[in-house]
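Chain by chain, the residues run as shown.
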Amino acid sequence: MLPIKQFYKIMAWVNLTSIEQLDEIKNADGFSLIFKHSTRCSISLMAKKNFEFDWDVIPADTKLYFLDLISYRDISNRIAEIFQVAHQSPQILLIKNGDCVLESSHSDISAEEVAEVIAA
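To start, this report covers the structure provided alongside it. For clarity, every value in this text was computed on a predicted model and none was experimentally measured.

What counts as what
Residues numbered from 1 in each chain as written. Predicted model: local features only at pLDDT ≥ 70, side-chain atom pairs only at ≥ 80, totals over all residues. Heavy atoms only, no water. Buried < 20%, exposed > 50% of the residue type's maximum accessible area, 1.4 Å probe, protein only. Helix = DSSP H or I, 4+ residues; strand = E, 2+ residues; numbered from the N terminus. Contact = heavy atoms within 4.5 Å. Phe/Tyr/Trp six-rings, centres within 6.5 Å; stacked < 30°, edge-to-face > 60°.

Thoughts on helix α3 (residues 73-83)
Regarding α3, the residues found buried are Ile 75, Ser 76, Ile 79, Ala 80, Ile 82 and Phe 83. Where the residues of α3 are buried, they touch α1 (19-27), β2 (31-37), β3 (63-68), β4 (91-96) and β5 (99-105). Of the residues trailing α3, Gln 84 is marked for its positive phi of about 55°.

Comments concerning the packing of aromatic side chains
Under the criterion given, the structure shown has five aromatic pairs. Here the aromatic rings of Trp 13 and Phe 51 are separated by 6.0 Å at their centres, their planes lie at 25°, and the arrangement is stacked. Of this pair, Trp 13 sits in strand β1 (residues 13-15) while Phe 51 sits in helix α2 (residues 42-54), and the two are 38 residues apart along the sequence. Phe 51 carries the same exposure label as Trp 13, and that label is buried. Relative to Trp 55, the ring of Trp 13 has its centre 5.1 Å away and its plane inclined at 55°; by these criteria the two rings are tilted. In this pair, Trp 13 sits in strand β1 while Trp 55 sits in the loop between α2 and β3, placing the two residues 42 residues apart along the sequence. Members of the aromatic cluster, each reached through a chain of ring pairs, are Trp 13, Phe 35, Phe 51, Trp 55 and Phe 66.

And the structure:
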């Protein structure tokens with residue numbers, strides 16, 4: 001039997017820990033994603049695990065930012081202001097050229113949907 005080769009994209013979170021990073025996201029060309037996560041919430045943990053399980057469908061050049069909103073509540077509040085979205089947790093925001101083009105929370109968080117929006 002011949003060995004089966006599997007190819008994996010290496011995806012990694014960039015920790016979102018400063019307001020200055022929001023300026024970088026707002027001014028970046030292309031797509032960036034922000035995952036807002038509550039470390040105290042089991043629903044948030046489940047949404048994060050499900051998202052990570054399927055995130056290989058997202059193009060590898062998409063920057064993935066992770067926000068621990070318990071530790072960085074001020075950044076979470078600023079995200080709501082900059083991208084004009086209501087605060088939720090867990091929540092993803094897909095940013096394209098400085099604008100939020102997709103916002104989902106709780107059980108609506110889907111790597112497949114993110115990939116579809118990017119591909120459109």
